[in-house]
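Chains, contacts and geometry: an overview
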Amino acid sequence: AQSVAQPEDQVNVAEGNPLTVKCTYSVSGNPYLFWYVQYPNRGLQFLLKYITGDNLVKGSYGFEAEFNKSQTSFHLKKPSALVSDSALYFCAVRVDPFSGGYNKLIFGAGTRLAVHP
Amino acid sequence: GAVVSQHPSRVICKSGTSVKIECRSLDFQATTMFWYRQFPKQSLMLMATSNEGSKATYEQGVEKDKFLINHASLTLSTLTVTSAHPEDSSFYICSASRILGPAIYEQYFGPGTRLTVT
């Protein structure tokens, strides 16, 4: 079975400091991994994805994520946090479409990022 | 591009009534749309996968007779919560799948609909 784990319910960081939001995954076959951000009472906004290629993926708003196959991780990072980055972040893995998954996404539980001035 | 809208954004209804939520892909055709439900401070739970012109595929534990899904066109899917009860109160989010290439898909999410059943 494919799954995603976000071990931290909340991450607190001071503005200007680097941030990391952790994600580990379990998949059969090649992983297709995603990060989304959700602001209060809003839908999800796409940040970045890993399909293949370079392990370091750059995305929107200065975020990046590092795919680590040996550790089955896909941690989200940003060199310098902004107060406006405070939101709920979701890691997701795509179900293999060739197993009848119809391109379904399985989401982690979410991590709330709080950036303090 | 790749905008997905939902209507209404908020709805309050009385227990026992039915509510319809629309999901539209505004600038692309979506053969597949997905419906999610999100409880406060929790993750998104996939309810069903909707394919244009065919019956929706429901996830285990989701009542198909209660959550009616219709995907009549390549740009519109609707979710109808029938005989709504307070426990159906939740944030409902749809997404639309766009084909970018052979076996390459991207999901775009709507802004969500807050349903409150009184």
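That block above? That's the structure.
**Brief notes about the overall build of chain B**
Scanning chain B from N- to C-terminus turns up zero helices and 11 strands. In chain B, the succession of α and β elements from N to C terminus is β-β-β-β-β-β-β-β-β-β-β. Relative to the 2.2 N^0.38 estimate, which gives 13 Å for 118 residues, the radius of gyration of chain B is 14 Å and therefore close to what a compact globule would have. For chain B, the spread of C-alpha atoms along the three principal axes comes to 45 × 25 × 25 Å.

**Quick look at the overall build of chain A**
Summing up its helical and strand segments, chain A has zero helices and 12 strands in all. Helices (α) and strands (β) of chain A occur, in sequence order from the N terminus, as β-β-β-β-β-β-β-β-β-β-β-β. For chain A, whose C-alpha radius of gyration is 14 Å, the value lies close to the compact-globule estimate of 13 Å for 117 residues. In terms of overall dimensions, chain A has a C-alpha envelope of 45 × 30 × 25 Å along the principal axes. For chain A, the proportion of its 117 residues judged to be buried stands at 45%. A fraction of 55% describes how many contacts in chain A between residues 6 or more apart in sequence connect residues 24 or more apart. Only carbon and sulfur atoms are counted for the fraction: they give 50% of the accessible area of chain A, which is about 5,700 Å². Here chain A holds 10 positive side-chain charges and 8 negative ones, and the gap between their average locations is 6 Å.

**As for the pattern of salt bridges**
Residue and element names in this part refer to chain A. Counting across every chain of the model gives seven salt bridges over all chains. In this structure, Glu64 and Lys58 form a salt bridge, with 2.9 Å as the shortest nitrogen-oxygen distance. According to the relative accessible area criterion, Glu64 is buried, its value standing at 18%. When the shortest N-O distance is used, the salt bridge between Glu66 and Lys77 registers 3.5 Å. With Glu66 in strand E8 (residues 64-68) and Lys77 in strand E9 (residues 73-78), the pair connects residues that are 11 residues apart, well separated along the chain.

**A short note on the pairing of strand E12 (residues 111-116) of chain A**
Residue and element names in this part refer to chain A. Taken together, the five bridges between strand E2 (residues 10-14) and E12 define a ladder with parallel strand orientation. Residue pairing in the sheet places Val11 in a bridge with Leu113 of E12. For strand E10 (residues 87-94) and E12, the ladder comprises three bridges, and the chain directions are antiparallel. By the bridge assignment for E12, Leu88 is matched with Arg112.

**Quick notes on the nonpolar core**
In this structure, Trp35, Leu47, Leu48, Phe74, Leu76 and Tyr89 of chain A are the most contacted members of the largest nonpolar core, which totals 26 residues. Where this core is concerned, the elements lending two or more residues are E2, strand E3 (19-21), strand E5 (33-38), strand E6 (44-50), E8, E9, E10 and E12 of chain A. Broken down by element, this core gets its largest block of residues, four residues, from E10 of chain A. When neighbours within four sequence positions are excluded, Leu76 of chain A is seen to be in contact with Leu19, Thr20, Val21, Trp35, Leu47, Leu48, Phe63, Glu64, Ala65 and Tyr89 of chain A. By size, the runner-up hydrophobic cluster in this structure holds 25 residues, among which are Cys13, Ala30, Trp35 and Met47 of chain B.

Conventions adopted
Residues numbered from 1 in each chain as written. Chains lettered and ligands numbered in written order. Predicted model: local features only at pLDDT ≥ 70, side-chain atom pairs only at ≥ 80, totals over all residues. Heavy atoms only, no water. Helix = DSSP H or I, 4+ residues; strand = E, 2+ residues; numbered from the N terminus. Rg over C-alpha atoms; globule rule 2.2 N^0.38 Å. Buried < 20%, exposed > 50% of the residue type's maximum accessible area, 1.4 Å probe, protein only. Contact = heavy atoms within 4.5 Å. Areas by Shrake-Rupley, 256 points an atom, 1.4 Å probe, with all protein chains shown as cover. Lys, Arg positive; Asp, Glu negative; His and termini not counted. Charge placed at Lys NZ, Arg CZ, Asp CG, Glu CD. Salt bridge = Lys/Arg side-chain N within 4 Å of Asp/Glu carboxyl O. Pairing = 2+ DSSP bridges. Core = buried A, V, L, I, M, F, W, Y, C linked by side-chain atoms within 4.5 Å.

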